[in-house]
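Chain and residue survey
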Amino acid sequence: MVIAVRAARRCLRYFTSITNSAMDSGFQQANVVILPNHLANDFEAFCHKNSAPLPLLYRSQSGETSCSPLAKHADIRTDISQYCVYEEGRLVKTVSSLQSYSTQPRIASWSDMVCFYLGCSFGFEGRLKKAGVPVRNVEQGANVSMYRTAVPCIPAGVFSCPLVVTMRPVPAAMLDAAVEVTHLNPLAHGAPVHIGDPALLGIQDLSTPDYGDQVELQPGDVPVFWACGVTSIEAILSSKPSLAFSHSPGCMFLTDIPDSSTSSSIPPPSDSVDPPSMDPNPQLIPLCFLVSHNPLLYSLASQRAVAKIRQLEAVIGEDPGQRGIRALFVQDELLRSCLALSHASSVAITTGFPTHYQHSPPDETDGPPGAIAMATMLLSLGKQVTMVTDRRGLDMNRAIIDEAVRTGIGDGGNELGMGKVKEKVKALMPKGDLIACDVPADYAVTAGVSNWGGYAVACGLYLLHTCPSHQRYLKKGLGLEHTTPREQLQDWTANLPSVDKEESILSTLMSFGIRSGKTGNLAMEVDGLTFHPTHSDIITTLLEVTLGTTTPNP
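1. What about the overall build of the chain?
Counting its regular elements, the chain contains 19 helices and 19 strands. Per-residue burial for the chain yields a buried fraction of 56% across its 554 residues. Of the roughly 22300 Å² of accessible surface on the chain, a fraction of 53% belongs to carbon and sulfur atoms.

2. Topic: the pattern of salt bridges
Per the counting criterion, the structure on display carries eight salt bridges. For R168, the salt bridge is made with E125, and the minimal N-O distance between the two is 3.0 Å. With R168 in strand 7 (residues 162–171) and E125 in helix 5 (residues 122–130), this residue pair connects regions lying 43 residues apart in the sequence. The residues R168 and E125 share a single accessibility class, namely buried. The residue R148 makes a salt bridge to E234 at a minimum N-O spacing of 3.1 Å. With a gap of 86 residues between them, R148 in strand 6 (residues 145–152) and E234 in helix 8 (residues 231–239) connect regions that are remote in the sequence. Given a relative accessible area of 34%, R148 falls into the partly exposed group.

3. Section: helix 18 (residues 499–511)
With 13 residues, helix 18 should cover 18 Å at 1.5 Å per step; its first-to-last C-alpha distance of 18 Å lies within 8% of that length. Considered for burial, the residues of helix 18 that qualify are V499, E502, I505, L506, T508 and L509. Looking at the residues trailing helix 18, positive phi occurs at G513, about 80°.

4. Section: the sheet that holds strand 7
One open sheet holds the six strands; their spatial order is 6-7-9-8-13-12, and the pairing between them is antiparallel. Strand pairing shows two members of the sheet lacking a second neighbour, strand 6 and strand 12 (286–293), which therefore form its edges. Adjacent strand axes in the sheet meet at a mean angle of 35° when their direction is disregarded. Relative to strand 7, strand 6 runs antiparallel, the two being bridged by five bridges. Bridge assignment links P152 to a residue of strand 7, and that residue is P162. Against the sheet, helix 8 makes contact with strand 6 and strand 7, and its axis sits at roughly 160° relative to strand 7, the strand it touches most.

5. Observations concerning the environment of H293
Structurally, the position occupied by H293 is in strand 12. By relative accessible area, which is 66% here, H293 ends up exposed. Residues H293 and G196, 97 residues apart in the sequence, show an inter-C-alpha distance of 9.0 Å.

6. Quick notes on the environment of P55
By the secondary structure assignment, P55 is in the loop between helix 3 (40–49) and strand 2 (56–59). Spatially, the C-alpha atoms of P55 and C120 are 8.3 Å apart, while their sequence positions differ by 65 residues. Setting aside residues no more than four positions away along its own chain, P55 makes contact with Y117, L118, G119, P186, L187 and H189.

7. Describing the packing of aromatic side chains
This model, assessed by the stated rule, comprises nine aromatic pairs. Measuring from ring centre to ring centre gives 5.2 Å for F43 and F159, while their planes differ by 70°; the resulting arrangement is edge-to-face. Of the two residues, F43 sits in helix 3 while F159 sits in the loop between strand 6 and strand 7, which places them 116 residues apart along the sequence. Taking 6.0 Å as the distance between ring centres and 45° as the angle between the ring planes, the aromatic pair formed by Y58 and Y117 counts as tilted. Here Y58, found in strand 2, pairs with Y117, found in strand 5 (residues 113–119); they are 59 residues apart in sequence, far enough to count as distant. The structure contains a cluster of three or more aromatic residues connected by ring pairs, namely F43, F46, F116 and F159.

Procedures and definitions
- Residues numbered from 1 in each chain as written.
- Predicted model: local features only at pLDDT ≥ 70, side-chain atom pairs only at ≥ 80, totals over all residues.
- Heavy atoms only, no water.
- Helix = DSSP H or I, 4+ residues; strand = E, 2+ residues; numbered from the N terminus.
- Buried < 20%, exposed > 50% of the residue type's maximum accessible area, 1.4 Å probe, protein only.
- Areas by Shrake-Rupley, 256 points an atom, 1.4 Å probe, with all protein chains shown as cover.
- Salt bridge = Lys/Arg side-chain N within 4 Å of Asp/Glu carboxyl O.
- Expected span 1.5 Å × (residues − 1).
- Pairing = 2+ DSSP bridges.
- Axes fitted to C-alpha atoms, helices over the stretch in contact; angles between N-to-C directions.
- Contact = heavy atoms within 4.5 Å.
- Phe/Tyr/Trp six-rings, centres within 6.5 Å; stacked < 30°, edge-to-face > 60°.

In structure tokens, the structure reads:
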């Protein structure tokens, strides 16, 4: 069947890119780049450094016209319906065959050319349809929309260019399905690299794609962006080889590999650099979460990381002080706040509440330790952190720092940001009408003690930054795939809250005359609960969840 389709293409050159998606559904397709031999090693390195847009399926020998690991009886000179021809980095024409370039002397001879076959997102459209996810470009009889972004690829040798992405509208309720289907096909670009506002990628107008056709969003759709193999064309334009060829965007090379087959059925293209994961771990399948409405932004995190953060949320929801905090609980507020902070480049943190107006200073011990725990982890992750305080608390906060996103963390409903659950506070908390905060936060993390919320945010950030699925999404699929360097992991681990560290911070607060919020005692306690065993046990449990000594439940 595939050979027949390939033969038909040789005869019927009027096929358009639209029929490429419709006619060839059921088989993996490939982007193709053909370069002079002296650029081949640089381009292979460029592919490995940018594996999401350029998943390398096969690199040919110089002058080779076949690609038996991908397709039998193939001839790359004739098996694509339309080719682009480039000279000195300029597109000079499109042709329906490259045979003349293998028989006539040109700028460079065919025997000096190397073919690169790269995975294509058309390879997962059939899977999306089987999962019930509408493929709008097929429904609308259009080629997929492709956009040049403001995101730079990782350079290699002479190759350096912006990332190109495809956009497919997906109903909001089906985002998880679309993410899972494509994550499981890493050699067809894998999971999305951005979901939400195109301006965050530097795309100003979805109605004017740089390649392909405009695809209309339907009511309830969200723009979803996948890395795109047309990035390779941008690489050709920027590197300016004397002669190069590519497929015309949307006119793909058809392989013999069914799109229902696992990516492991395609042999790794090279042993020189680790290829994209051939056997995705089910625990790393990402889940999709709305982070922001304006600008619209969704984020991804693996099922494993999500389960652990949900376990952290359950731990800090304990209420030993019997204040009724469980009534204010909102599922996944901790997770969403951690995702928002993970995407941020700079964060401002404020804390402090004059609970004991009859004492000087009037502050309480619940708040500053949790704020410092968040700040310490954020700094170790490379974020710019600003601590906001008043003059009265300046010396105290400086001393704590030496010792050691708009997210509201609260344990009673009166804290800044807890206005998000104001009606619950008024209805369910003691003296709720009096204490309810009017100021809402984007995320209201509820905890038995506010410090615990800060500790949990620090642990949640650690989990996200050691989550391959989330890190790939943050980095737009660019950069070599590898585990976190040991030194970096050790630094992050050292900046997690610990029993010794938090006990020392509480002792520093006492030295400044800061008292327990509930009792007013100048003692090693927070909200009337002694540090040992209550707070130390919570910290120990959070660390056990974070560092993997307990098994999370989904």
